[in-house]
Amino acid sequence: MEAENISVVKVRDVLMVTVPPDPDDETISALQAQVLQAMEQYQVKGLVLDISTVETLDSFFARTVVETVQMVALMGGRTVVAGMRPSVAITATQFGLTLGNALTALDVDRALYMVSDRHQEKSHGTKPRA
Amino acid sequence: MMKDNVKSKGQILSGEGVDYKAIFQAVPSAVRVVDTDFNVIIANPPMAALSGQSLEASVGRKCFDTFKGERCHTKDCPLTRVQKTKTTMKAEVVKERQDGTKLICVCLAAPLFNREGMLTGMVESFEDITKQKQAEALRATSSYTRSLIEASLDPLVTIGADGKIMDVNKATEQVTGVSRQRLIGTDFSNYFTEPEKAREGYKKVFSEGSVTDYPLTIRHTSERTTDVLYNAAVYKDEAEKVQGVFAAARDITERKKTEEALAKQTEIIQRQAREILEISTPVMQVWEGVLVAPLIGTLDSQRTQQFMERLLERIVESNSPMALVDVTGVPTIDTQTAQHLIDTISAVRLLGAQVILTGIRPAIAQTLVHLGVDLSGITTRSSLSGGLLVAMDSLGLQVATSKRTNGKEA
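Residues numbered from 1 in each chain as written. Chains lettered and ligands numbered in written order. Predicted model: local features only at pLDDT ≥ 70, side-chain atom pairs only at ≥ 80, totals over all residues.

A. Spotlight on the overall build of chain A. In terms of regular secondary structure, chain A is built from 4 helices and 5 strands. For chain A, the sequential pattern of α-helices and β-strands runs β-β-α-β-α-β-α-β-α. The buried share of chain A, reckoned over its 130 residues, is 41%. A fraction of 74% describes how many contacts in chain A between residues 6 or more apart in sequence connect residues 24 or more apart. (Helix = DSSP H or I, 4+ residues; strand = E, 2+ residues; numbered from the N terminus. Buried ≥ 20, exposed ≤ 12 C-beta atoms within 10 Å, placed from the backbone. Contact = placed C-beta atoms within 7 Å.)

Quick look at the structure:
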């Protein structure tokens, strides 16, 4: 039911995934399933996970994102998490939550560049190693 | 006939043929006659009324059996003194009636002599002044309490059940600017900025018996106002019937002023503290997409929080993927400060931006290595300019030396 809120749209060679403002565990699991299904269905370079409306980040969400990034990588795609709010970032840091090796971007625009651009690590994006 | 008349008058004046006993009986004061052995020879009816002992019972017995008194059997006893000095004397004595009640009397005692000039007895009269004494004492007490009430700096007032002022003290006159005569009998609630509230207040006293710290504002005739707290209670007569309200006001103008001043100061201090925090963590944009945040002073957890919030807000606001955090102004970095920095950098990364830590002086580099702080995942540079180059490079920007200025500067 909640899965209706998830939007997974293919734009050119990228999957645009928008996460609803306050996702529960079910929605997050459904999101992972939909993303992987779309990865199989379309020929894309990777996906942009837009979390700009998300106000809370719990450990389940963080872990699922990390897992999804790994799964998508296994299927040959690159994931960029875009638009995390400052308050969410602060809370996540305080609780010690990380997104592992997920790439992050300030907004969807930059994220799209990073997914398509093979040399993204030299341009706008960052790749957290910690 | 004339002569007879004159003669009888002369007889009366000389005391001849006068029925002293009749006069004795008619005197309104209590009078008795005792012999030199203090036996009561005769007493009049007022004496019986005063002592509470019948004439039959008292006559023939000792004088001190009629009354008991604190001076009986002492040399201060008026009769004893009259007997000794043979002169008239007056004294105030406390006597005890047969029923035990105390009487304060003025006792007038005079010696009685026979024709040979020998002392045969004494005559003693009593006047009961107990009531006068009590009234006097009451007056003294009430004038004492009155002066207490008048001396009070707090405005005091008594209000009747109808809400009219019954009594006031000087402080009330001063605070209202209205004289006592004009205050008494008028409505209590007239003298406040909020008459309704004042009325409610004294009604509450009647219904609940008392109120404490009831805030009201007294209005002076000159429109000057005084903030007060009222404490009031009902007062009752001897039969426990409520007579009215006794209300005491406490002037809190000074207290209010102090409180206001204190609140103002606290606000200033808080604002300054906030400002100092903000000033101490500036975040500036030096190039499109590049922010510089110089840190000055020690980093505690509160400042880290503040710094982190500002840096993240500014990154999102200016859409800058590069942030240079300069620690030149940080005196020392311990493990805790390093952890705070690492936390900040992690949070920035979650947003999708990158931090370059600049201003790592040799001393700080040494400390960090000795403490075993791992900053390997973070790009660090010794100077701000070095960091800026990294940021430019990362954004695909290059700084080229202009040909025109080349010759001059090189």
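After that view, the rundown keeps rolling.
B. Here's a closer look at the sheet that holds strand β1 (residues 30-35) of chain B. Residue and element names in this part refer to chain B. A sheet is described by the order of its strands in space; here 6 strands give the open sequence β2-β1-β6-β5-β4-β3, paired in antiparallel fashion. Here the strands that pair on one side only, and so sit at the sheet edges, are β2 (40-43) and β3 (68-69). Inspection of the sheet shows strand β5 (residues 102-113) paired to strand β6 (residues 119-128) by 9 bridges, in the antiparallel sense. Across the sheet, residue Cys 105 finds its bridge partner in β6, namely Asp 128. (Pairing = 2+ DSSP bridges.)

C. Geometry of the interface of chain A and chain B. Opposite the 20 residues of chain A that make contact, chain B presents 18 residues. Listing elements by their share of the side of chain A that touches chain B, those giving two or more residues are α3 (86-94) and β5 (103-105) of chain A. The element that contributes the greatest number of residues to the side of chain A that touches chain B is α3 of chain A, accounting for 5 residues. Classifying every residue of the side of chain A that touches chain B by side-chain character gives 11 nonpolar, 6 polar and 3 charged. (Nonpolar A, V, L, I, M, F, W, Y, C, P; charged D, E, K, R; others polar.)

D. Looking closely at helix α1 (residues 25-41) of chain A. Residue and element names in this part refer to chain A. Between its terminal C-alpha atoms α1 stretches 24 Å, which fits the 24 Å expected from 17 residues at 1.5 Å a residue. Ile 28, Leu 31, Val 35 and Met 39 are the residues of α1 that are buried. All buried residues of α1 fall inside an arc of 65° around its axis, so they share one side. Facing away from the buried side of α1, by more than 90 degrees, are the exposed residues Glu 26, Ala 33, Gln 37, Glu 40 and Gln 41. (Expected span 1.5 Å × (residues − 1). Arc of directions from axis to C-beta.)

E. Broad picture of the sheet that holds strand β9 (residues 210-219) of chain B. Residues and elements named next belong to chain B. Spatially, the 5 strands line up as an open sheet ordered β8-β7-β11-β10-β9, and their pairing is antiparallel. One side of each edge strand has no neighbouring strand; the edge strands of this open sheet are β8 (165-168) and β9. Each neighbouring strand pair of the sheet contributes to a mean axis angle of 30°, computed without reference to strand direction. Summarising the sheet, strand β7 (residues 156-160) and strand β11 (residues 242-251) pair through 5 bridges and their orientation is antiparallel. Bridge pairing in β11 places Ile 159 opposite Val 245. Against the sheet, helix α10 (residues 195-208) touches β7, β9, β10 (225-236) and β11, its axis set at about 160° to β9. (Axes fitted to C-alpha atoms, helices over the stretch in contact; angles between N-to-C directions.)

F. Here's a closer look at the pairing of β5 of chain B. Of the strand pairs in this sheet, strand β4 (residues 89-96) of chain B and β5 of chain B are connected by 8 bridges, and their pairing is antiparallel. From the neighbouring strand, Met 89 of chain B faces β5 of chain B, where its bridge partner is Ala 109 of chain B.

G. Fine view of the packing of α3 of chain A against helix α12 (residues 301-318) of chain B. The N-to-C vectors of α3 of chain A and α12 of chain B enclose an angle of 140°; their axes lie 9 Å apart at closest approach. Taken as axis vectors, α3 of chain A and α12 of chain B run oblique relative to one another. Of the two possible hands of crossing, α3 of chain A and α12 of chain B adopt the one that is right-handed. Residue-level contacts link Pro 86, Ala 89 and Ile 90 of chain A of α3 of chain A to Met 308, Glu 309, Leu 312, Glu 313 and Val 316 of chain B of α12 of chain B. Of the residues contributing to the contact of α3 of chain A with α12 of chain B, the split by class is 6 nonpolar, no polar and 2 charged. (Parallel < 35°, antiparallel > 145°, perpendicular 65-115°, else oblique. Left-handed = near helix turned anticlockwise from the far one by under 90°.)

H. Representation of helix α4 (residues 108-116) of chain A within the structure. Of the positions making up α4 of chain A, those classed as buried are Arg 110, Ala 111, Leu 112, Met 114 and Val 115 of chain A. Against β2 (14-18), β3 (46-50), β4 (78-82) and β5 of chain A lie the buried residues of α4 of chain A.

I. Quick look at the pairing of strand β14 (residues 322-329) of chain B. Residues and elements named next belong to chain B. Burial of β14 is extensive: 6 of the 8 residues sit out of reach of the surface. In this sheet, β14 lies alongside strand β13 (residues 290-296) in parallel orientation, the contact comprising 6 bridges. Note on β14: the bridge partner recorded for Pro 294 is Asp 326. Handedness of the crossover joining β13 and β14 through α12: right-handed. With helix α13 (residues 335-351) bridging β14 and its parallel neighbour strand β15 (residues 354-358), the resulting β-α-β unit is right-handed. (Right-handed = clockwise from strand over helix to strand, strands pointing away.)

J. Fine view of the environment of Gly 244 of chain B. Residue and element names in this part refer to chain B. Relative to the helices and strands, Gly 244 is located in strand β11. Measuring from C-alpha to C-alpha, the distance between Gly 244 and Ile 165 comes to 9.5 Å, with 79 residues separating the pair along the chain. Beyond its immediate sequence surroundings of up to four residues, Gly 244 is in contact with Thr 158, Ile 159, Gly 160, Ala 161, Met 166 and Tyr 235.

K. Looking closely at unusual backbone geometry. Residue and element names in this part refer to chain B. One non-glycine residue, Glu 223, adopts positive backbone phi at about 70°. Locating Glu 223 in the fold gives a position in the loop between β9 and β10. The phi torsion at Glu 240 lies on the positive side, around 65°, for a residue other than glycine. Of note, Glu 240 is situated in the loop between β10 and β11. Residue Glu 240 is classed as exposed on the basis of its C-beta count, with 6 C-beta atoms lying within 10 Å.

Purely spatial values, then, with no claim about function.
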